[in-house]
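# Coordinate analysis (summary)
Here are the chains, one letter per residue:
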Amino acid sequence: MANDNDDALVVVFSGNSVEAEMIKDMLETNGVQAALKDEFMGSIAPYIAPGGIGAVKVVVRQGNLDEAKLIMKELSGETSPD
């Protein structure tokens, strides 16, 4: 049975609107449902530091967090021994 917290939304990326859209598309292409948060603020204040005020956030369900992190890590070219 799924945990009630599995449906809670968590931020997996914060940055400018172009990067956020790319991350969202990348996750969805790999089977992880994702959404953009604060998209309006990111469009009117796009030059704020990544992750700061005005950043567009990519959110996924808590239950998909580990899979989303793995996909982002693999597609960014990062590798780890674990």
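All of the points below concern the structure found in this document. (Residues numbered from 1 in each chain as written. Predicted model: local features only at pLDDT ≥ 70, side-chain atom pairs only at ≥ 80, totals over all residues. Heavy atoms only, no water.)

Turning to its location among the elements, Lys24 is positioned in helix H1 (residues 17-29). On the accessibility criterion, Lys24 (17% relative accessible area) is buried. Once residues within four sequence positions are removed from consideration, Lys24 is found in contact with Ala34, Ala35, Leu36 and Val58. (Helix = DSSP H or I, 4+ residues; strand = E, 2+ residues; numbered from the N terminus. Buried < 20%, exposed > 50% of the residue type's maximum accessible area, 1.4 Å probe, protein only. Contact = heavy atoms within 4.5 Å.)

Where side chains of opposite charge bring their charged atoms close, a pairing between them can arise. Under the criterion given, the structure shown has three salt bridges. With its nearest N and O atoms 3.8 Å apart, the salt bridge here joins Asp7 to Arg61. One end of the pair, Asp7, is in the segment before strand E1 (9-15); the other, Arg61, is in strand E3 (residues 56-61), with 54 residues separating them in the sequence. (Salt bridge = Lys/Arg side-chain N within 4 Å of Asp/Glu carboxyl O.)

Turning to helix H3 (residues 65-75), its buried residues number three or more, namely Leu65, Ala68, Ile71 and Met72. Down the axis, H3 shows its buried residues gathered within 130 degrees of arc, on one side only. Seen from the open side of H3, the exposed residues pointing more than 90 degrees away from its buried face are Asp66 and Glu74. Close packing links the buried residues of H3 with E1, H1 and E3. Directly beyond the C-terminal end of H3, a positive phi value near 90 degrees is found at Gly77. (Arc of directions from axis to C-beta.)

Ordered by their spatial adjacency, three strands build an open sheet running E1-E3-E2, and the pairing between neighbours is antiparallel. Each edge of the open sheet is held by one strand with a lone partner, namely E1 and strand E2 (34-37). Averaged over all neighbouring strand pairs, the angle between strand axes comes to 30 degrees, with direction disregarded. Bridge count between E2 and E3: four bridges; the pairing is antiparallel. Counted as the bridge partner of Ala35 is Val59 from E3. In the packing of H3 onto the sheet, the strands contacted are E1 and E3, and the crossing angle to E1 comes to about 25 degrees. (Pairing = 2+ DSSP bridges. Axes fitted to C-alpha atoms, helices over the stretch in contact; angles between N-to-C directions.)

Spatial relationships are all this shows, so hold off on functional conclusions.
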